[in-house]
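This is what each chain is made of:
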Amino acid sequence: MTHVELAGLKKSYDGKKNVIEQVDLKLEQGEFFVLVGPSGCGKSTILRMIAGLEPITDGSLFVNGTRMNHAPPNKRNLSMVFQNYALYPHLNVEQNIMFGLHTKKISREEQQHRCAEAAEMLGLADYLKRKPRELSGGQRQRVALARAIVTQSPLCLMDEPLSNLDAKLRARMRSEIRQIQRKLGITMIYVTHDQTEAMTMADRMMILHEGQAMQIGKPLEIYNHPANAFTATFIGSPAMNVMDAKINPAGIHLSPQCTLPNPMKSSNKEASKQILFGIRPEHILFSAPEQADAVVEVVNTEILGTETLITFIMDDPKKQWIARWNGQWQFSVGDQIPIRFDMDSIHLFSKDKGRLLWTSNEDEPNQTAREVLR
Amino acid sequence: MNAARELQSVPAEEQQPSKSRFAFLEGWLYLLPSIVLFGVFVFYPMFRTIYLSFFLADQIGPFEFAGLENYHYILSSDSFQSSIKATVLFVLFTVPATIILALFLALLTSEKIMGIGIFRTFFSSTMGMSVAASSVIWMFMYNPSIGVFSKVAEWLGLPVIQWLQNPDYALLAVSLSTIWMSTGFAYLIILGGLQNIDPHLYENARVAGVSYFYQLRRITLPMLSPTLFFIVTVSFINAFQTFGQIDILTKGGPVESTNVIVYSIYKDAFINNDVGSASAQAVILFFCVLALTVLQFKLGERKVHYQ
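Residues numbered from 1 in each chain as written. Chains lettered and ligands numbered in written order. Predicted model: local features only at pLDDT ≥ 70, side-chain atom pairs only at ≥ 80, totals over all residues.

Each helix and strand in chain B was counted, giving 12 helices and two strands. Starting at the N terminus and walking to the C terminus, you meet the elements of chain B as α-β-β-α-α-α-α-α-α-α-α-α-α-α. Relative to the compact-globule value of 19 Å for 307 residues, chain B shows a C-alpha radius of gyration of 27 Å, a clear excess of over 25%. In terms of its C-alpha atoms, chain B occupies a principal-axis envelope of roughly 100 × 75 × 30 Å. (Helix = DSSP H or I, 4+ residues; strand = E, 2+ residues; numbered from the N terminus. Rg over C-alpha atoms; globule rule 2.2 N^0.38 Å.)

Structure representation (structure tokens):
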């Protein structure tokens, strides 16, 4: 069942330039949806428009099929968690959690009961009488979460809720938020700039860039089949290598020494044109010298334990590529190593708009099978 | 190992005194300008006043030790008591009204609306006017024959009141002009306090759907409490020290109805030439204000939420 629908949503502050361009989106009941993009891409603006904190310039917002463009925030039946948690410093944890519950015509006992339940769920039971300043960052975060939970709203909006936490705690809270969302069956719209959060938490996600939706889909779908060069480089860490290349019927020319076969068999007969060549670090392989596509120069290695990131250059020192290999590879700077590109995993994008021109049209099972064989 | 450590520590200790003595002097050097300024303009006059309050003195200087006689004299004088009464009434008339008015105006103008800057400038503009200039304006407004109050009263068919000449109304009239003069500053401080409140707190309240007055009571006022505490303290002290508008509008009259304590001090010292009594009054005022401020801190700190 569709819970929230955005139809042609637009936002403009000055009436001339749209900061959000035509966002269309349908969210299912109980879905965990992530809006992800670099800072300033408009993801928080979309969230605030859904919450009713920011007026909608054009287009429609439907909640359960009802148009909600002009409904005040409290009539939209949602809860919200803010980036800085927006806790009231003069109220204790309990008062913070129960803030505003009286407007929902809930009895005092029921309020207490819900508060105790949420506090129990989030491990806050011992801190109910404390003020926010006496809590750690993670505990404050939980209070903000508890405040969203006690409203029992079917829709929860989160605006970068984990960005003020350290990396370890962030990883824990990621899984905790996801579990709570599943348990309560609420629809979640979650804004983040962190692609790891998006990848690990989302049922589906939307990638935004300069107010435009670049791609909507499941995390793995987007990872494996990016629709454009922006998505390709934004999702995945380390990012996909996207390099200038020249293409003609004879092949793809990455450097004077490195030419790959042109996979676009029926491609137009233009003599030669500039494109972007994209390949993920894990699809650049170490090769036997006689099978190598190129011999490259190592400029840096980062050994992470289970895998190694090798930064290398071909001929242009400004164009640094990254390869990711399993295991611990010890190269010295300046080493010449033979590499091979997995031609089934390359992406070709247009030079001007970054639109996807070609990718090997593999279907999922094959892909997995190949991963296993390798 | 131990020996080596002891050996090393000896030269370090020898060097330390000269270094720290220099740092000590350097510290005092930095403090010197403010010590000199405070000494000349605050501490010396203060101690001199306390000293003079124990003497019979005129403007030239003390001429006879009097012990507590000055205090005894003023505490039993009717004039001083009416002066205390006028001061307390004046403070009660002006301080709450100023702060409530300033808070109201600040709440009105804390929204971000087009042209709000114009209103903010209007409401804070009295801060930029001298007490003398504004007093003169109000003197004209209170004038029974040409003032705007009489004109309006006449037009409405009401009796014309001699605002500054009638002992029943004079203190009220002076208070009204004082409220007008001090609202600008209080407004600016409170507006600053309001602007400092995290807007997310209000957004969360909007999502929760609480009413405006609940929001005012549960968010705005508690978050504003440090600012309000500051402005209440400052306003109290200022009200106790009011002088300029009294001097220009009523000169303490009629029938001593506006003879607030600072004006009474001025009159005793420079008109009656009784510096001893004036000093004793000043000392009493000082301790009253001190006690009140300490009391405010004691009571206020419990209610104030610093972030």
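Text resumes after the structure shown.
Assigned secondary structure in chain A consists of nine helices and 21 strands. Seen along its three principal axes, the alpha-carbon backbone of chain A occupies a region of about 75 × 45 × 40 Å. Across the 374 residues that make up chain A, the buried fraction comes to 36%. Look at the contacts in chain A between residues 6 or more apart in sequence, and 64% of them connect residues 24 or more apart. (Buried ≥ 20, exposed ≤ 12 C-beta atoms within 10 Å, placed from the backbone. Contact = placed C-beta atoms within 7 Å.)

With that settled, consider the UniProt feature "domain: ABC transmembrane type-1" (unreviewed entry) in chain B. Sites flagged by UniProt as "domain: ABC transmembrane type-1" (unreviewed entry) map to residues 84-296 of chain B. As annotated, residues 84-296 of chain B has a helix share of 75% and a strand share of 0%, and its two end C-alpha atoms lie 20 Å apart. (UniProt positions renumbered as here; feature names shortened; annotations may be inferred.)

As a further point, take the interface of chain B and chain A. Taken together, the contacts link 16 residues of chain B with 16 residues of chain A. Among the elements of the structure, α8 (199-208) and α9 (212-240) of chain B are those that each provide at least two residues to the side of chain B that touches chain A. With eight residues, α8(B) is the single largest residue contributor to the side of chain B that touches chain A. Looking at the side of chain B that touches chain A residue by residue, the classes come out as eight nonpolar, five polar and three charged. (Nonpolar A, V, L, I, M, F, W, Y, C, P; charged D, E, K, R; others polar.)

Let us look at the UniProt feature "transmembrane region" (unreviewed entry) in chain B. All names here are of chain B. Residues given the UniProt feature "transmembrane region" (unreviewed entry) here are residues 28-47, 86-109, 121-141, 169-190, 221-240 and 278-297. End C-alpha atoms of residues 28-47 are separated by 23 Å, and the span's content is 100% helix alongside 0% strand. Across residues 121-141 one finds 71% helix and 0% strand; the C-alpha atoms that close the span lie 23 Å apart.

All names here are of chain A. Relative to strand β18 (residues 320-326), strand β17 (residues 307-313) runs antiparallel, the two being bridged by seven bridges. By the bridge assignment, I313 is partnered in β18 with Q320. Connecting the antiparallel pair β17 and β18 is a turn made up of six residues. (Pairing = 2+ DSSP bridges.)

This brings us to the sheet that holds strand β21 (residues 356-359) of chain A. Hydrogen bonds between backbone groups are what pair the strands of a sheet, and the pairing can be parallel or antiparallel. Residue and element names in this part refer to chain A. Strand order in the open sheet made by the six strands is β13-β12-β11-β14-β20-β21, with antiparallel pairing throughout. Of all strands in the sheet, those with a lone pairing partner are β13 (258-260) and β21, marking the two edges. Averaged over all neighbouring strand pairs, the angle between strand axes comes to 35°, with direction disregarded. In this structure, strand β11 (residues 241-248) lies alongside strand β14 (residues 273-279), joined through seven bridges in antiparallel fashion. Its bridge partner lying in β14, V242 is registered against G278. (Axes fitted to C-alpha atoms, helices over the stretch in contact; angles between N-to-C directions.)

Per the UniProt record, "domain: ABC transporter" (unreviewed entry) is annotated on residues 4-235 of chain A. Measuring from the first to the last C-alpha atom of residues 4-235 of chain A gives 25 Å, for a span that is 34% helix and 26% strand.

Time to look at the packing of helix α2 (residues 69-76) of chain B against helix α12 (residues 275-303) of chain B. Residues and elements named next belong to chain B. At a closest axis distance of 9 Å, the pairing of α2 and α12 adopts a crossing angle of 75°. When the axes of α2 and α12 are compared, the pair comes out roughly perpendicular. Residues N70, Y71, Y73 and I74 of α2 form the contact with α12, whose participating residues are G276, S277, A280 and Q281. Here the contact of α2 with α12 is composed, by residue class, of four nonpolar, four polar and no charged. (Parallel < 35°, antiparallel > 145°, perpendicular 65-115°, else oblique.)

Residues spaced three or four apart along an α-helix face the same direction, because each turn holds 3.6 residues. Residue and element names in this part refer to chain B. Under the 1.5 Å per step criterion, the end-to-end length of α9 is only 35 Å for 29 residues, more than 12% shorter than the ideal 42 Å. At S225, α9 is deflected by roughly 55°, the largest bend along its length, and proline P226 occurs up to four residues later in sequence. Within α9, the full set of buried residues consists of I219, T220, M223, L224, T227, L228, I231, S235, A239 and F240. For α9, the secondary structure elements touched by its buried residues are α3 (78-108), α7 (170-195), α8 and α12. (Expected span 1.5 Å × (residues − 1). Bend = angle between axes of the 7 residues up to and from the residue.)

Residue and element names in this part refer to chain B. Contact geometry of helix α5 (residues 131-142) with α7 gives a least axis separation of 10 Å together with a crossing angle of 135°. By the criterion of interaxial angle, the relationship of α5 to α7 is oblique. In terms of crossing hand, the pair formed by α5 and α7 is right-handed. Contacts from V131, S134, S135, W138 and Y142 of α5 reach α7 at A173, S177 and M181. When the residues that make up the contact of α5 with α7 are grouped by side-chain class, the tally is five nonpolar, three polar and no charged. (Left-handed = near helix turned anticlockwise from the far one by under 90°.)

Structurally, chain B comprises domain 1 (2-52) and domain 2 (77-303). If you average the C-alpha positions of domain 1 of chain B and of domain 2 of chain B, the two centres end up 42 Å apart. (Domains from an automatic or database assignment.)

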